[in-house]
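Commentary on secondary and tertiary structure
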Amino acid sequence: MSATIFLSVVAIAAVYFFNLSRCFWANLQAAKKSGFPFICLPWDKFNIFWMVTGNFWVPLLDKLPAAITEPWLPFLRLEWTYERKYEPFALMGSEAIMFVAPGGNHLYVASPPAIADIAARRIDFQKPLERYRDVNLYGDNVVVSEGEMWRRHRKVAAPTFSEKNNRVVFEESVRQAHALLYHWTRGKTESDPLHHVDDDMMSISLHIISKAGFGVRVLWPHEESAAQEEDGLGRFASTKAPPGHALSYKDAMKKLMKNIIWVPILPKWLRQIAPFEGPKTATLAYEEWGLFMKELYDMKRIHMREGKIIEGMDLLGAIMKGAGVNEDSLNSSEPPKQLLSDSEILGNAFVFILAGHETTANAIHFSLVLLALNPPTQRRLQAELTRILGDRPSEEWDYDRDLPRIMGGMPAAVLSETMRLIPAVTGIPKSTMKDSPQTLNVNGRIHMVPAECIISLDVPATHHNPRYWPARPDISALPPGEDLDQFKPERWLTNDASRPSASSTREGSPDSQSSGGETASPNLFRPAPGTFLPFSEGHRSCLGKRFAMIEGASVLTALFHEYSVELAVDDFITDEELEKMPPGSPERREVWQKAADNAMHVLKHGMGSIITLQMRRGHVPLRVVRRGEERFAWD
Ligand code: HEM
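Reading guide: rules and limits
- Residues numbered from 1 in each chain as written.
- Predicted model: local features only at pLDDT ≥ 70, side-chain atom pairs only at ≥ 80, totals over all residues.
- Heavy atoms only, no water.
- UniProt positions renumbered as here; feature names shortened; annotations may be inferred.
- Helix = DSSP H or I, 4+ residues; strand = E, 2+ residues; numbered from the N terminus.
- Rg over C-alpha atoms; globule rule 2.2 N^0.38 Å.
- Buried < 20%, exposed > 50% of the residue type's maximum accessible area, 1.4 Å probe, protein only.
- Areas by Shrake-Rupley, 256 points an atom, 1.4 Å probe, with all protein chains shown as cover.
- Phe/Tyr/Trp six-rings, centres within 6.5 Å; stacked < 30°, edge-to-face > 60°.
- Lys NZ or Arg CZ within 6 Å of the ring centre and 35° of its normal.
- Donors = N, O, S within 2.8 Å, 3.2 Å for Na, K, Ca; no water.
- Near = heavy atom within 4 Å.
- Polar contact = N/O pair within 3.5 Å; in protein donor to acceptor, adjacent residues only side chain to side chain.
- Nonpolar A, V, L, I, M, F, W, Y, C, P; charged D, E, K, R; others polar.
- Patch = residues over 30% accessible without salt bridge, like charges linked within 9 Å, V, L, I, M, F, W, Y side chains within 5 Å.
- Salt bridge = Lys/Arg side-chain N within 4 Å of Asp/Glu carboxyl O.
- Axes fitted to C-alpha atoms, helices over the stretch in contact; angles between N-to-C directions.
- Parallel < 35°, antiparallel > 145°, perpendicular 65-115°, else oblique.
- Left-handed = near helix turned anticlockwise from the far one by under 90°.
- Contact = heavy atoms within 4.5 Å.
- Core = buried A, V, L, I, M, F, W, Y, C linked by side-chain atoms within 4.5 Å.
- Pairing = 2+ DSSP bridges.
- pLDDT = per-residue confidence, 0-100.

If you look the protein chain up in an unreviewed UniProt entry, it shows as Cytochrome P450 monooxygenase-like protein from Phyllosticta capitalensis. Taken directly from UniProt, the Cofactor (unreviewed entry) text for the protein chain runs: "heme".

1. Observations regarding the overall build of the protein chain
Along the protein chain, the regular secondary structure elements total 24 helices and 11 strands. Taken over the C-alpha trace, the protein chain has a radius of gyration of 26 Å; the compact-globule value for 635 residues is 26 Å, and the two agree within 12%. Burial analysis of the protein chain (635 residues in total) assigns 54% to the buried set. Within the structure as shown, the protein chain displays about 27,800 Å² of accessible surface, and the carbon and sulfur contribution to it stands at 57%.

2. Quick word on the packing of aromatic side chains
The relative placement of two aromatic rings is captured by the distance of their centres and the angle of their planes. Going through the model one piece at a time under the given rule, you end up with 25 aromatic pairs. Taken together, a centroid distance of 5.1 Å and an interplanar angle of 85° make the contact between Phe75 and Trp80 edge-to-face. Judged on exposure class, the residue Phe75 and its partner Trp80 are both buried. Measuring from ring centre to ring centre gives 4.7 Å for Tyr138 and Phe350, while their planes differ by 55°; the resulting arrangement is tilted. Linking Tyr138 in the loop between α6 (112-120) and α7 (147-157) with Phe350 in helix α17 (residues 342-373), this pair joins segments that are 212 residues apart in sequence. Accessibility expressed as a relative area gives 17% for Tyr138, which makes it buried. Members of the aromatic cluster, each reached through a chain of ring pairs, are Tyr138, Phe214, Tyr286, Trp289 and Phe350. For the cation-ring pair, Lys85 lies above Tyr82, with the distance from its terminal atom to the ring centre recorded as 4.3 Å.

3. Some thoughts on the coordination of the iron atom of the ligand
Just one protein ligand coordinates the iron atom of the ligand, and it is Cys542 (SG) at 2.3 Å. Along the chain, the position of Cys542 falls in the loop between α21 (459-462) and α22 (545-562).

4. Topic: the site of the ligand
What surrounds the ligand is a group of 26 residues, the closest being Tyr132, Trp150, Arg154, Arg540 and Cys542. Trp150 places a polar side-chain atom, nitrogen or oxygen, 2.8 Å from an oxygen atom of the ligand. Between the ligand and Arg540 there is a distance of 3.0 Å, counted from an oxygen atom to a side-chain nitrogen or oxygen. Elements with a minimum of two residues in the shell around the ligand: α7, α17 and α22. If you tally residues by element for the shell around the ligand, the top one is α17, at five residues. Here the shell around the ligand is built from residues that sort into 17 nonpolar, six polar and three charged.

5. A few points about a nonpolar patch on the surface
Residues Ile48, Phe49, Met51, Val52, Phe56, Trp57 and Leu60 make up a contiguous nonpolar surface patch of about 740 Å² in total accessible area. Looking at where Phe56 falls in the secondary structure, it is placed in helix α2 (residues 48-61).

6. Considering the pattern of salt bridges
On inspection of all chains with the given rule, the structure shows 30 salt bridges. The shortest N-O distance in the salt bridge between Glu95 and Arg467 comes to 3.2 Å. Of this pair, Glu95 sits in the loop between α5 (87-92) and β2 (96-101) while Arg467 sits in the loop between α21 and α22; the two residues are 372 residues apart in sequence, bridging distant segments of the chain. Taking the relative accessible area as the measure of exposure, Arg467 reaches 30% and is therefore partly exposed. Here Asp117 makes a salt bridge to Arg121, at a shortest N to O gap of 3.1 Å.

7. Observations regarding the packing of helix α9 (residues 197-214) against α17
Across the interface, α9 lies against α17 with an axial gap of 8 Å and an inter-helix angle of 140°. Taken as axis vectors, α9 and α17 run oblique relative to one another. Once α9 is placed against α17, the crossing between them reads as right-handed. Here Val197, Asp198, Met201, Met202, Ser205, Leu206, Ile209 and Phe214 of α9 lie close against α17, whose contacting residues are Ala349, Phe352, Ile353, Gly356, His357, Glu358, Thr360, Ala361, Ile364, His365 and Leu368. Within the contact of α9 with α17, the residues separate by chemical class into 12 nonpolar, five polar and two charged.

8. Considerations on the nonpolar core
Ranked by internal contacts, the top residues of the largest apolar core, which has 135 residues, are Phe214, Trp289, Leu316, Phe350, Leu368, Leu567 and Leu603. Looking at this core element by element, the count peaks at 18 residues for α17. Not counting chain neighbours up to four residues away, the residues in contact with Leu567 comprise Ala372, Leu373, Trp592, Ala595, Ala596, Ala599, Val620, Pro621, Leu622 and Phe632. Core analysis: the second largest hydrophobic core is formed by 21 residues, Phe125, Leu440, Cys453 and Leu533 among them.

9. Points about the environment of Glu83
Positionally, Glu83 belongs in helix α4 (residues 80-84). Along the sequence, Glu83 and Ser191 sit 108 residues apart, while their C-alpha atoms lie 32 Å from each other. Those residues in contact with Glu83, other than ones at most four positions away along the chain, are Lys604 and His605.

10. Things to note about the pairing of strand β6 (residues 445-449)
Pairing of strand β5 (residues 438-442) with β6 involves five bridges; the strand directions are antiparallel. Looking at β6, one finds that Val442 is bridged to Arg445. The antiparallel pairing of β5 with β6 creates a hairpin that spans two residues between the two strands, and Asn443 there sits at a positive phi of about 50°.

11. Some words on the confidence of the model for the protein chain
Predicted confidence across the protein chain gives a mean pLDDT of 89, with 93% of residues reaching 70 or more. Note on residues 500-518: pLDDT under 50 across the span, and 41 contacts to partners over four residues away in sequence or across chains.

12. Focus on unusual backbone geometry
The phi torsion at Asp435 lies on the positive side, around 55°, for a residue other than glycine. For Asp435, the position within the fold is in the loop between β4 (427-431) and β5. Residues other than glycine seldom take positive phi values, yet Asn443 does so here, at roughly 50°. Positionally, Asn443 belongs in the loop between β5 and β6. Residue Asn443 is classed as partly exposed on the basis of its relative accessible area of 45%.

Written as structure tokens, this is what we have:
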């Protein structure tokens, strides 16, 4: 009996390994035929088991002799694209590398013209939708769709990102940033060390999208007594769970965004008996937020029926209107003819918040860290803000007069440079379809991308491709192309007198065409198509890019107009000890340098992607101080 079991196990294992080798062999032949340089891997980095446990295995595998692991282990590190950037492509002498594994082939591309081509050929290179399974939890939407269905969603969703909505984004961002400053400082000249800046950025970003997306203002704890009751929104603004709910709206939204990853991974019954909190909280928040959105939707329908809604101010109202939900249709006795169903409208409302909050929060968070690491750049940003806004209070800041200068100057440049260095999404996935291999021109050579091949538009590598980013000898002492690891927002300023003209930019980087599309201000540098990818590119590029740029630039403007952000040094020295060191003295610099080394270490080795790239191991404590009161001021 035991011999039979043993033989069966051996037979199953033999069949399994035979099948694996057969698949690997077929994939290898396809890689060879493609003409791309290739690297063989025992499994793909995106294998679900590896994604969950890879960080545990890599240090163990690292102990094996380098001769065995060197060819493949570096490419199984979960964050190799962020950590190594363009280096592997330079070493392989190619702007595209194929990885061959038994499960399939995976092509990484860091060639801007090839990326622009892939992004433009929407039918040839589609989204691998199976990778987006947590995104359509509330209904079909523009993010998780392809073909005709995607066109229908995009047609209705795109116009909601209007100038009217951008105005709300600007005003709410400024308001929320001031509230955050008060939350941090309590009106004093400086805050205590801030150890949860990433969480605070998530909050501010959720607050802004809640207002601009759904018309619901969310308040900081010190503002809560003044909660609004307007338009029947009091039940959403309340910090307590309103009747019929187990959570407040704000808690439901925050808990959902924090724990959402569990909903598609585990069935509900398993989430309920899980031995830790995340999965249970996910279920509660998922149901609660769904209920709130349904109530909000019903409320908006009543307002619309009564002709009360203010046209197109928030994204939900605008998408309802675009889908054909309006005063006439709601009062008509005919069955509604909507372009999107109710569940599709709510599905899109959900993806706006999902796609829009963490990405933008990261961009602002990393901007703060990079500015704290670069005090002279921060001074330059502040000097420009003084030129734009003088000492006018924020109530007098004006969308039409001030925003164009903010979007054409240092705030938008800081944000762009931050996203160049630390993009929220490091690999934008595409794929070829079954039985549909595709040709691709990389650096003048035509390759054949096999059918069913996953493609990553490698964002960090592309953002460091020296052939496409102009050299700026005027802002860096490093040789051409070698300053791309440095944080230099000035590289984005076209009205900077010292900027080299387009003709002196590097080969193959036509300055005239923008990768930023309508997002980019005419005063900001426009990278060549396919060169700057934080928002992706082409047909499937981000719908919220202008929303996000306005939000990020406005929050930075409001924070840095009056305050500076510094590295907190409390882990190394007490306030009293620091006070005894003269301003600008070498001892002070030394303390600052320790904090800077920690920050650089976390930025280099502590990052990880779950939905987006964030600090996962370690954090960078910061402190805000009123301008002029800085502890570490030098040029
Ligand atoms: C800094 C902030 C942001 C970044 C870095 C970002 C990045 C991206 C990227 C890389 C994609 C393409 C994803 C893919 O193809 O898999 C995308 C798509 C999308 N983003 Fe954003 N995003 C940001 C903010 C926002 C905001 C604020 C919203 C909405 C309020 C938004 C809504 C969308 C939508 C709806 C899509 C899908 C477009 C389509 O497939 O047609 N994003 N975004």
